[in-house]
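Structure assessment
Chain residues, written in single-letter form:
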Amino acid sequence: MLFDQITNDIKEAMKARDKVRLETLRNIKKVFLEAKTAPGANDTLEDADALKIIAKLAKQGKDAAQLFVQQNRQDLADAELAQVEVIESYLPKQLSEEEIKEAVKAIIAETGATSMKEMGKVMGVASKQLAGKADGRVISGIVKELLG
């Protein structure tokens, strides 16, 4: 499980005295623990949910880095991006736009969607199938393009 892998990697980062990795992994574990103890979680965290959390943390890190760059704080942006690199190492390989397009075409065929009215149906399936492998905005753009 991803939760256990993060726990083991924290020990490895301690031994290696890798401050950035250690701090990042501790942050991930903290968010995982919050998710595990949330009402209705039954003290479990499925890998699919863990991947969603990791993808969200990576996105937040990139957004923060972008803000730091706009505020001329490259030092803070670099620190944030170093953490994003660690976070992204736990995500599955991201699909290319062409691969996403092919997957969305298959989903549209599978669902029988023919118009923008059915975008929600297509997005629901696409979001589940491509979870952690593609950014939601990219998927949404491709779905609009193919249904539009």
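Residues numbered from 1 in each chain as written. Predicted model: local features only at pLDDT ≥ 70, side-chain atom pairs only at ≥ 80, totals over all residues. Heavy atoms only, no water.

All right, on to the packing of aromatic side chains then. Scanning the entire structure with this criterion turns up 1 aromatic pair. When the ring centre of F3 is taken as reference, the NZ or CZ atom of K36 above it lies at 4.1 Å. (Phe/Tyr/Trp six-rings, centres within 6.5 Å; stacked < 30°, edge-to-face > 60°. Lys NZ or Arg CZ within 6 Å of the ring centre and 35° of its normal.)

What follows covers a negative patch on the surface. A contiguous patch of negative charge on the surface is contributed by D4, E46, D47 and D49. Among the structural elements, D4 can be located in helix α1 (residues 2-16). With a relative accessible area of 41%, D4 lands in the partly exposed category. (Patch = residues over 30% accessible without salt bridge, like charges linked within 9 Å, V, L, I, M, F, W, Y side chains within 5 Å. Areas by Shrake-Rupley, 256 points an atom, 1.4 Å probe, with all protein chains shown as cover. Salt bridge = Lys/Arg side-chain N within 4 Å of Asp/Glu carboxyl O. Lys, Arg positive; Asp, Glu negative; His and termini not counted. Charge placed at Lys NZ, Arg CZ, Asp CG, Glu CD. Helix = DSSP H or I, 4+ residues; strand = E, 2+ residues; numbered from the N terminus. Buried < 20%, exposed > 50% of the residue type's maximum accessible area, 1.4 Å probe, protein only.)

What follows covers the pattern of salt bridges. Scanning the entire structure with this criterion turns up 9 salt bridges. The closest approach of N and O atoms between R73 and D75, which form a salt bridge, is 2.9 Å. With a relative accessible area of 45%, D75 lands in the partly exposed category. R137 is the salt-bridge partner of D135, the closest N and O atoms lying 3.6 Å from each other. By relative accessible area, D135 is classed as partly exposed at 30%.

Another aspect to go through is the side chain of K101. Mapped onto the secondary structure, K101 falls in helix α5 (residues 97-111). By relative accessible area, which is 19% here, K101 ends up buried.

By size, the foremost hydrophobic cluster in this structure holds 20 residues, and its most contacted members are I6, L25, I28, F32, I54 and Y90. Counting residues per element, the ones that place at least two in this core are α1, α2 (19-36), α3 (47-70) and α4 (74-88). Dropping the residues within four chain positions of it, I6 is found in contact with L25, I28, K29, F32 and Y90. One finds A103, A113, M123 and L147 within the second-largest nonpolar core, a separate group that totals 16 residues. (Core = buried A, V, L, I, M, F, W, Y, C linked by side-chain atoms within 4.5 Å. Contact = heavy atoms within 4.5 Å.)

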